Amino acid sequence: MPSSEPFIENLLAQMTLEEKVGQLNQVNPGPGLHPDMIRQGLLGSVLNASCALAGQSTEELDDVANSNRLQRLAQEARLKIPLLFGRDVIHGYRTVFPIPLGQAAAFDPDMTEAAASVAAREASSEGIKWTFAPMLDIARDPRWGRIAEGNGEDPLLGARLAAAAVRGYQGSDLSQPDRIVACAKHYAGYGAAEGGRDYEAGEISESTLRDVYLPPYESAVRAGVGTLMSAFIDLNGFPATANRHLLTEVLRGEWGFDGFVVSDWESVKELVYHGVAEDDAHAARLALHAGLDMDMVSNAYSSTLAASVRNGQVPVEELDLAVRRVLRVKQRAGLFENPFTDPKRRARDLLRPDARQLARKLARESMVLLKNDGDLLPLKDFRRVLVAGPFVPARGELFGAWTPNGRAEDVTPLEQSLRQTAPKDMELWFTDKNDLALHLAHEVDAIVLLMGEHPVRSGENCNVSDLGLPPGQAEFISTISALGKPVILVIFAGRPLAISQTMAHAQAALYAWHPGIEGGAALAEVLFGLEAPSGRLPVTFPRATGQVPVYYNHKNSGRPIGLNGKFPTRYGDLLTSPLFPFGFGLTYTTFEYTDLHLDADRLRGKLGIRLKVTNTGRRPGREVVQLYTRDLVGSLTRPVRELKDFQALELLPCESRMVDFTLTEEQLAFTRLDGTRGTEPGSFHLWVGPDSQRGLQAAFRL
Ligand code: BGC
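Residues numbered from 1 in each chain as written. Predicted model: local features only at pLDDT ≥ 70, side-chain atom pairs only at ≥ 80, totals over all residues. Heavy atoms only, no water.

**As for the overall build of the protein**
Of regular secondary structure, the protein possesses 21 helices and 25 strands. Relative to the globule expectation of 27 Å for 702 residues, the C-alpha radius of gyration of the protein, 26 Å, shows essentially globular dimensions. Considering only C-alpha atoms, the protein reaches an extent of 75 × 60 × 45 Å along its principal axes. For the protein, the proportion of its 702 residues judged to be buried stands at 62%. The long-range fraction of contacts in the protein, counting pairs at least 24 apart against all pairs at least 6 apart in sequence, stands at 77%. (Helix = DSSP H or I, 4+ residues; strand = E, 2+ residues; numbered from the N terminus. Rg over C-alpha atoms; globule rule 2.2 N^0.38 Å. Buried < 20%, exposed > 50% of the residue type's maximum accessible area, 1.4 Å probe, protein only. Contact = heavy atoms within 4.5 Å.)

**Digging into the pattern of salt bridges**
All told, the structure shown has 50 salt bridges when counted by the stated rule. For D88, the salt bridge goes to K185, with nearest N and O atoms at 3.2 Å. You can see D88 sitting in the loop between β3 (84-87) and α5 (100-105) and its partner K185 sitting in strand β5 (residues 183-187), a full 97 residues away along the chain. D373 is the salt-bridge partner of K371, the closest N and O atoms lying 4.0 Å from each other. (Salt bridge = Lys/Arg side-chain N within 4 Å of Asp/Glu carboxyl O.)

**With respect to the pairing of strand β6 (residues 227-230)**
A two-sided burial pattern is seen for β6, the buried positions comprising T227 and M229 on one face and L228 and S230 on the other. Sheet topology note: the β5/β6 ladder contains three bridges and is parallel. Bridge pairing links Y187 to S230 in β6. The sheet contact formed by β6 and strand β9 (residues 260-262) spans three bridges and is parallel. Note that in β9 the partner of L228 across the bridge is V261. (Pairing = 2+ DSSP bridges.)

**A look at the sheet that holds strand β20 (residues 642-651)**
Ordered by their spatial adjacency, four strands build an open sheet running β20-β19-β24-β25, and the pairing between neighbours is antiparallel. The strands lining the two open edges of the sheet, one partner per strand, are β20 and β25 (696-701). Each neighbouring strand pair of the sheet contributes to a mean axis angle of 20 degrees, computed without reference to strand direction. Direction of pairing for strand β19 (residues 621-631) relative to strand β24 (residues 683-689): antiparallel, over a ladder of six bridges. Its bridge partner lying in β24, Q626 is registered against G689. (Axes fitted to C-alpha atoms, helices over the stretch in contact; angles between N-to-C directions.)

**What about the nonpolar core?**
One finds Y187, L228, L370, L449, Y511 and W513 to be the most contacted residues of the largest nonpolar core, which totals 137 residues. Counting residues per element, this core draws most heavily on helix α14 (residues 316-332), at six residues. Beyond its immediate chain neighbours, meaning those up to four positions away, L370 contacts I499, M503, A509, Y511, L537, F580, F584 and L586. Core analysis: the second largest hydrophobic core is formed by 48 residues, V118, F382, V385 and I517 among them. (Core = buried A, V, L, I, M, F, W, Y, C linked by side-chain atoms within 4.5 Å.)

**Remarks on the site of the ligand**
Around the ligand sit 14 residues in total, of which D88, R146, K185, H186 and D264 are the nearest. Between the ligand and H186, the relevant distance is 2.7 Å, taken from an oxygen atom to a side-chain nitrogen or oxygen of the residue. Within the complex, 100% of the 310 Å² of free accessible area of the ligand lies under protein. Residues belonging to the shell around the ligand are distributed by class as follows: eight nonpolar, one polar and five charged. (Near = heavy atom within 4 Å. Polar contact = N/O pair within 3.5 Å; in protein donor to acceptor, adjacent residues only side chain to side chain. Areas by Shrake-Rupley, 256 points an atom, 1.4 Å probe, with all protein chains shown as cover. Nonpolar A, V, L, I, M, F, W, Y, C, P; charged D, E, K, R; others polar.)

**A short note on the sheet that holds strand β21 (residues 656-664)**
Note on sheets: strands pair through backbone hydrogen bonds, and any given pair is parallel or antiparallel. In space, the three strands of this open sheet follow the order β17-β18-β21, with antiparallel pairing throughout. Taken across any chain shown, the strands that pair with only one partner, and hence form the sheet edges, are β17 (591-598) and β21. Averaged over all neighbouring strand pairs, the angle between strand axes comes to 25 degrees, with direction disregarded. Note that strand β18 (residues 606-615) and β21 share nine bridges and pair antiparallel. Within the sheet, the bridge partner assigned to T614 lies in β21 and is S656.

**Considering helix α8 (residues 206-213)**
Residues of α8 that are buried include every one of L209, D211, V212 and Y213, and no others. Contacts from the buried residues of α8 go to α7 (155-170), α9 (215-222), β7 (234-235), α10 (244-254), β22 (670-671) and β23 (677-678).

**A short note on helix α12 (residues 280-290)**
Every buried residue of α12 is listed here: A281, A283, A284, A287, L288 and A290. If you follow the buried residues of α12, they end up packed against α10, α11 (270-274), α13 (300-310) and α14. Once α12 ends, the next one or two residues include G291, with phi positive near 115 degrees.

**Here we look at unusual backbone geometry**
With an omega dihedral of 5 degrees, the bond running from A133 to P134 counts as a cis peptide bond. With an omega of -5 degrees, the peptide bond running from L377 to P378 counts as cis. By secondary structure assignment, the location of P378 is in the loop between β11 (368-372) and β12 (384-388). Even without being a glycine, F107 presents a positive backbone phi close to 45 degrees.

**Points about the environment of A422**
If you trace the backbone, A422 turns up in the loop between α17 (414-421) and β13 (427-431). The sequence separation of A422 and P538 amounts to 116 residues, and the corresponding C-alpha distance is 30 Å. Excluding anything up to four places from it in sequence, A422 contacts L428 and F528.

**A short note on the domain arrangement of the protein**
Interfaces are often sized by the accessible area lost when the parts come together. Structurally, the protein comprises domain 1 (359-547) and domain 2 (591-701). Taking only C-alpha atoms, the centre of domain 1 and the centre of domain 2 are 33 Å apart. Domain 1 puts seven residues into the contact, and the matching count from domain 2 is six residues. Contact between domain 1 and domain 2 buries roughly 560 Å² in total, counting both sides, with carbon and sulfur atoms accounting for 32%. If you look at where domain 1 meets domain 2, you find two salt bridges. R536 is the salt-bridge partner of E623, the closest N and O atoms lying 2.5 Å from each other. Where domain 1 packs against domain 2, one counts four residue pairs in polar contact (both at pLDDT 80 or more). For the side of domain 1 that touches domain 2, a count of residues per class yields two nonpolar, two polar and three charged. (Domains from an automatic or database assignment. Buried area = accessible area lost by both parts, 1.4 Å probe.)

Below, the structure is given as C-alpha cells:
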C-alpha cells in the first residue's frame, strides 16, 4: 500500500466533480439510497438508521449481508471507493453498558476504554465501521435529555473519558477488523441549549467555551479521534454546523485535526431555518467553507455543490480539502484493502461472556450510594423484604437511551437476579402494583423501591421541565414510607433528578442510572453486599428544578454565601447549595484523609502533593480521591473549585496508603483576559478529598 497521501492524491486526481461531492454525501437506507447511486460513485457513507433519533430505531439495517451487498456495489463503481457505514453505538452494541452518564460515575477511564473496545468488536462484526460516539457535551442543565449521553459537567473528567473512549473504539490501528472510527460529538456547546430544550440556541463566552466545553474535544483530537460531528446548536448567534471559527480555526488550526467532520442529521439544510442561509445551495457553501466535510442526509451538498463549483461560487480546492479528509479516514480504517465483513464474526463476537462480565463490573462501579443511614445496606438480617415499584419487571428498560442493538431478552429479569443473590433465609416478595405493594408492605421487614425514569424520558429531545420523579412516584414513596418500615430507594434515571423530599422518606438510596444489560445482577450484588457500590456523581444534584443550572465549578460572585452577610446570592425559598455535590458517593466502608503535605509552598513547573488515605471501616472499598484547586485572583474571574486530578484506590479494612499527585503549571492554565491561554502568578488553594465540597486544604503560590 502506498503511503497515505500519495494514494489519496492519486485517487483525487482521477475523480470527477460529481464523484468528489458523492464522497461528502451520507444517506440513510430507504428511498434515498438507490443502488445506482453507489455504482456511480455518488455516495460516501451510509447511516445505518432510518430516521433522526436513529439510535432508537431497532430496524435490522445493520446486518452483515446488507453492508457487504452495498460494498459490492461500491466495488462496481469506476474508482471502487468503499462506503463507510456509521451507526449510533453509544454505550455498547448488543452488550449494553450503563449509559455514558452512569459510566462517568465510575470515574474509571480504563473501564470506559474497555467498554468502548467491546462495542467496537461487536459493532464491526455486523459491518459497522464508524460510531457516532463518544458524546462529549458538557451539560449543566439536567432538564436537557441528552445529559444521559455524555460525561456530566466536568471538563477534566470529560477529557479523560473522551480519550479513553477514543482509544477503546479505535485501538492503535483503525484498520484492524475489530476497531471502528470514533466520532466526537456534538461539536460544540450543544449542552448549553437554553432552558434545557434540545436544538435551542445557546450563548457561551469564549473563555467558558475554551475552559469548560472544549477540553473533552481537544482531548479526543489528541487521542487521535477520526471524526467529529457538528452540533445542531446556534452558538453565540451562529450555527455550529457552519462555524468556521470552531471547525477550522480551533479544530484544525490550533489542534491539528486531520480527520473529517460530519454534520448532524440534516443540520446543513437547517442553516436555512436558522436564518443564515437563503437556500440549500447557500447553506452548503457556508458549511463547506466552515470546514464541514460530510453532509448527514440533508442532500444539500449532493444537490448543489457541483453546480456551485462550476459557477465559481465554491473553489474546487475547498471541495478537495473535504474529499481528502474523508478518503484519509477511509484509508486509515483499512476499507480500501478490505471493505467487507466476515459473516462468521458475529457468532463469536456478540455477547461474549467476558463482555457481560465487564458490563456487570461497570454497572456496579457506576451505582452511587447517596444515603445509607444506620448501615441499612447491604441488606441482611431481614426475614422478609418487599421489592416494589415500576422497575420490578424491567428488562430492556435497564438499557437507557440509544440502544438500537440491545435486546430485552438478553437481560436477566431483576426478580431472578435478586432471588439468586439474596441470602438463603431472606424471603423476597415482588410487585409493580402500587396498591398491592401498600398492602404487602405491612407484612415485611424492609422495602426496596425500584423507581425512576423510563429510558424514553431521556436521550435526544427528551427534555423535561420538572426534574422530580415521574408523576405519582414521590407520593407513593411517601405513603409507603409512612408505615415506618426501613425503605431502600433505588433510582434508575438518565439524569440527576431533584429528589430532596423523597430522600427524607428513605433510609438508604442508591442511584443506578440506566445500568445496561447486567444491571439486574449488578444491583443484586450491591444490595446484598457481594460487592460495594463505588460510583461518584459526575454531575451536581439540584434540590429543585428551579435551581438549575447548578454546578460545582461556578464563579464566586461579588456576594458569595458567607461573606457579605446580609446580601449573599440566594433564593428566598431554597438553599443555594446542591442536594448532592459533584464527586459525591458513599460506599460500605469509610475513609479518612490525613497528613496532607506539599513538597513546596510555591509551584515551580510542578508541585508534589502527598497524603494518607485510610480505610476506617470493616469492609474493603474503592475510594475516588479527588484533587481540586482554586486560583484566587485572575485577570478573569476563576471558578471556586476545579477538578485537577483523581485516583481510585482499593483499600482493605484498616489499610492506609500514601497517595501522590503531581500538579503541573499547565494544569493551572486558563483562558485569560487577553484571550490567550496560560497561567498567572498568585495564590491558590488546593483540596484533596472525597468530593467537591469536602477535603483537606492547603495553599500554595505560583
Ligand atoms: C443525533 C446524533 C446522531 C444522529 C444519527 C441525530 O439526530 O443528534 O447524535 O448521531 O442523529 O443518528
